Amino acid sequence: MRGAVLYGPGDVRVEERDRPSLVEPTDAIIRVTAACVCGSDLWPFRGIDTSDRPQPMGHEYVGVVEEIGDAVETITVGDFVVGSFFASDNTCEICRAGYQSRCVHNVPMGMFGSQAELLRVPLADGTLVATPGMPDPDLVPSLLAASDVLGTGWFGAVAAEVGPGKTVAVVGDGAVGLLAVLAARQLGAVRIIAMSRHEPRQRLAREFGATDIVTERGDAGVARIKELTGGLGAHSVIEAVGTQESMMQAIRSTRPGGHVGYVGVAHGVELPGQEVFFAAVHLHGGPAPVRRFLPALIQLIWDRTIEPGKVFDLELPLEEAAVGYKAMDERRAIKALLRP
């Protein structure tokens, strides 16, 4: 089968890979209908995360089930399914508490590489959610978004305790940040401040529900948030980047007693203990338990209540995956969808 492999910084190739097969009786094999490039894929693409060997790429996926192991009970061959970027059994104590990404048996799907024609999914019963039927083609991008960026943005909003009557600020205008705006709107926020310097992303943020746009960053961005909130800061702030600057901007933009939901993959982030102590804010985040939200998000998409697939502004055949990586790295695209 064909699949994307990263050989080193800036070097993505689509080549022949071994066809996956069932290994455990809890496995499923799906034929990938659509995959995509994630912002977190850019860390190794830029050489910030390194590997000593070529690595298959991709952890977001939707597709049709081709094979199932003998122990799989909740999905069948022919189902159209959406899965999380972490496989989970969805039955352990941690999963039942709603943190499937930290399941005691979790398996990172990135190790298999979903930017490919076929994908092995471990723990299929706990990981995959079947749609009510075969989706219309125009729903596929939105269902793909649910596999990671929508679920991650949603978790960021939930972790930040977004709710009716609250003012929310979103730090980061990538796909996760934009879908955190959408989530905040769905969860009832009365005011949503998107922090962005890029006009196309600002436009999409407003379409998803942003009421205000802040173009400033760092201390200037914090000052602007304070100005918009009567000097107090936002009730809820979603951090969707993962850098020292973005994390501190999020914490400093939050009012005392407020909540920060952080879902950007942290790189080089060190929190100053005394400042965090006196900030008196709640911090909650980490790898999103997408599986917790999948059934509800799939239904919202199926009912056409939300259209998160709008974050895909570049669609390419799988063979051109390298083009998608470069476009996202250069911020010429928000998110690239790949069709095997």
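Procedures and definitions
- Residues numbered from 1 in each chain as written.
- Predicted model: local features only at pLDDT ≥ 70, side-chain atom pairs only at ≥ 80, totals over all residues.
- Heavy atoms only, no water.
- UniProt positions renumbered as here; feature names shortened; annotations may be inferred.
- Helix = DSSP H or I, 4+ residues; strand = E, 2+ residues; numbered from the N terminus.
- Buried < 20%, exposed > 50% of the residue type's maximum accessible area, 1.4 Å probe, protein only.
- Contact = heavy atoms within 4.5 Å.
- 1 Å grid on protein atoms, 1.4 Å probe; cavity = no way out; pocket = protein on both sides within 12 Å on 5 of 7 lines; lining within 4 Å.
- Points joined across faces, edges and corners; volume = space filled by probe spheres on them.
- Domains from an automatic or database assignment.
- Buried area = accessible area lost by both parts, 1.4 Å probe.

As named in an unreviewed UniProt entry, the chain is Zinc-binding dehydrogenase, taken from Georgenia ruanii. Of the comments in the UniProt record for the chain, the one headed Sequence similarities (unreviewed entry) reads "Belongs to the zinc-containing alcohol dehydrogenase family."

S.K.: Would you explain the overall build of the chain in this entry?
M.R.: A count of helical and extended segments in the chain gives twelve helices and 18 strands. Along the first, second and third principal axes, the C-alpha atoms of the chain reach 60 × 40 × 40 Å. Out of the 340 residues belonging to the chain, those deemed buried represent 56%. Sequence-distant contacts in the chain: of pairs separated by 6 or more residues, those separated by 24 or more amount to 68%.

S.K.: Sorry, what's going on with empty space enclosed by the protein here?
M.R.: Under the definition given, this model contains one cavity of 30 Å³ or more. Roughly 30 Å³ of volume is contained in the largest cavity. Every residue lining the largest cavity is listed: E239, G242, T243, S246, M247, Y262, G264, A266 and V269.

S.K.: Can you walk me through the UniProt feature "domain: Alcohol dehydrogenase-like N-terminal" (unreviewed entry) in the chain in this structure?
M.R.: Taking the numbering used here, the UniProt-annotated feature "domain: Alcohol dehydrogenase-like N-terminal" (unreviewed entry) corresponds to residues 25-123. Secondary structure within residues 25-123 divides into 8% helix and 31% strand; the distance between the first and last C-alpha atoms comes to 9 Å.

S.K.: When you look at the domain arrangement of the chain in this model, what are you seeing that I'm missing?
M.R.: Where the parts come together, the accessible area they lose is often given as the size of the interface. Domain assignment breaks the chain into domain 1 (2-148 + 289-338) and domain 2 (153-285). When each unit is reduced to the centre of its C-alpha atoms, the spacing between domain 1 and domain 2 is 26 Å. On the side of domain 2, 20 residues touch domain 1, which itself brings 21 residues to the contact. Here domain 1 meets domain 2 over a buried area of about 1,700 Å², counting both sides, of which 70% is carbon and sulfur.

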